[in-house]
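# What the coordinates show
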Amino acid sequence: MRWMEKLVLFWMGGVAYLGAEIAWRGVTHWTMFFAGGISLCCLTWLDACPGLPVLAGAGIGAAGISAMELVGGIFCTQLLRVRVWDYSAEWGNLLGYVCPKYTMLWYILCLWLLINMRLIRLPARIRTMN
């Protein structure tokens with residue numbers, strides 16, 4: 001993938017992440033733009049891994065996004081001195097930054113995205129088979 005395509009993909013992921021947070025929580029933080037950009041680029045990379053089942057890819061994606069949110073939450077709290085979100089009231093939370101509930105929601109979103117990525121590429125795969 002060329003650098004301009006990666007940049008557009010990063011931008012799309014960043015904007016989508018901000019939009020999803022605003023729709024879900026009513027608020028977001030500028031640092032989440034970077035989390036979204038990195039997430040979509042990584043999901044595209046996972047989608048391109050030959051032989052990786054979509055369910056496993058969604059699990060890896062959800063774990064990766066949760067790890068990124070953990071690191072991002074620590075970064076925002078420790079370096080920027082701002083607490084962007086607080087999941088300390090959620091069951092199974094880790095330092096109040098991540099929890100199983102939101103990791104499962106990330107799994108569902110990653111699954112949906114990976115399935116759609118494969119469906120979008122399906123006509124190109126069919127053409128190469130002929």
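Please refer to the structure placed before this passage.
A brief look at the structure comes next. Because the structure is a prediction, the values reported are computed rather than measured.

Here we take up the nonpolar core. Judged by nonpolar contacts, the single largest core of 25 residues is most densely connected at Tyr17, Leu43 and Trp85. Looking at this core, the elements with two or more residues in it are α1 (3–25), α2 (31–47), α3 (54–78) and α4 (100–129). With near-sequence residues (within four places) excluded, Tyr17 lies in contact with Met32, Ala35, Gly36, Ser39, Ile65, Glu69 and Trp106.

Glancing now at the side chain of Thr31. Here Thr31 shows up in helix α2. Here Thr31 is in contact with Phe75, Cys76 and Leu80, once residues within four sequence places are set aside.

Taken as a whole, the largest pocket holds about 410 Å³ of empty space. Those elements giving two or more residues to the lining of the largest pocket turn out to be α1, α2 and α4. With 8 residues, α4 is the largest single contributor of residues to the lining of the largest pocket. A breakdown of the residues in the lining of the largest pocket according to their chemical character gives 15 nonpolar, 5 polar and 2 charged.

The final tally for this structure, using the stated rule, is 6 salt bridges. Of the charged contacts, one joins Arg25 and Glu21 as a salt bridge, the two residues approaching to 3.6 Å between their closest N and O atoms. Of this pair, Arg25 and Glu21 are both found in helix α1, 4 residues apart, which corresponds to roughly one turn of the helix. On the accessibility criterion, Glu21 (8% relative accessible area) is buried. A salt bridge links Glu90 to Lys101, with the nearest nitrogen and oxygen atoms 3.4 Å apart. In this pair, Glu90 is assigned in the loop between α3 and α4 and Lys101 in helix α4, connecting sequence segments 11 residues apart. Classification of Glu90 as partly exposed rests on a relative accessible area of 26%.

Here we come to unusual backbone geometry. Its identity as a non-glycine residue notwithstanding, Arg81 has a phi of 60°, on the positive side. Here Arg81 is to be found in the loop between α3 and α4. Despite not being glycine, Leu95 has its phi angle at roughly 60°, a positive value. Relative to the helices and strands, Leu95 is located in the loop between α3 and α4. The exposure class assigned to Leu95 is exposed, which follows from its relative accessible area of 57%.

What counts, and at which threshold
- Residues numbered from 1 in each chain as written.
- Predicted model: local features only at pLDDT ≥ 70, side-chain atom pairs only at ≥ 80, totals over all residues.
- Heavy atoms only, no water.
- Core = buried A, V, L, I, M, F, W, Y, C linked by side-chain atoms within 4.5 Å.
- Buried < 20%, exposed > 50% of the residue type's maximum accessible area, 1.4 Å probe, protein only.
- Helix = DSSP H or I, 4+ residues; strand = E, 2+ residues; numbered from the N terminus.
- Contact = heavy atoms within 4.5 Å.
- 1 Å grid on protein atoms, 1.4 Å probe; cavity = no way out; pocket = protein on both sides within 12 Å on 5 of 7 lines; lining within 4 Å.
- Points joined across faces, edges and corners; volume = space filled by probe spheres on them.
- Nonpolar A, V, L, I, M, F, W, Y, C, P; charged D, E, K, R; others polar.
- Salt bridge = Lys/Arg side-chain N within 4 Å of Asp/Glu carboxyl O.

Spatial relationships are all this shows, so hold off on functional conclusions.
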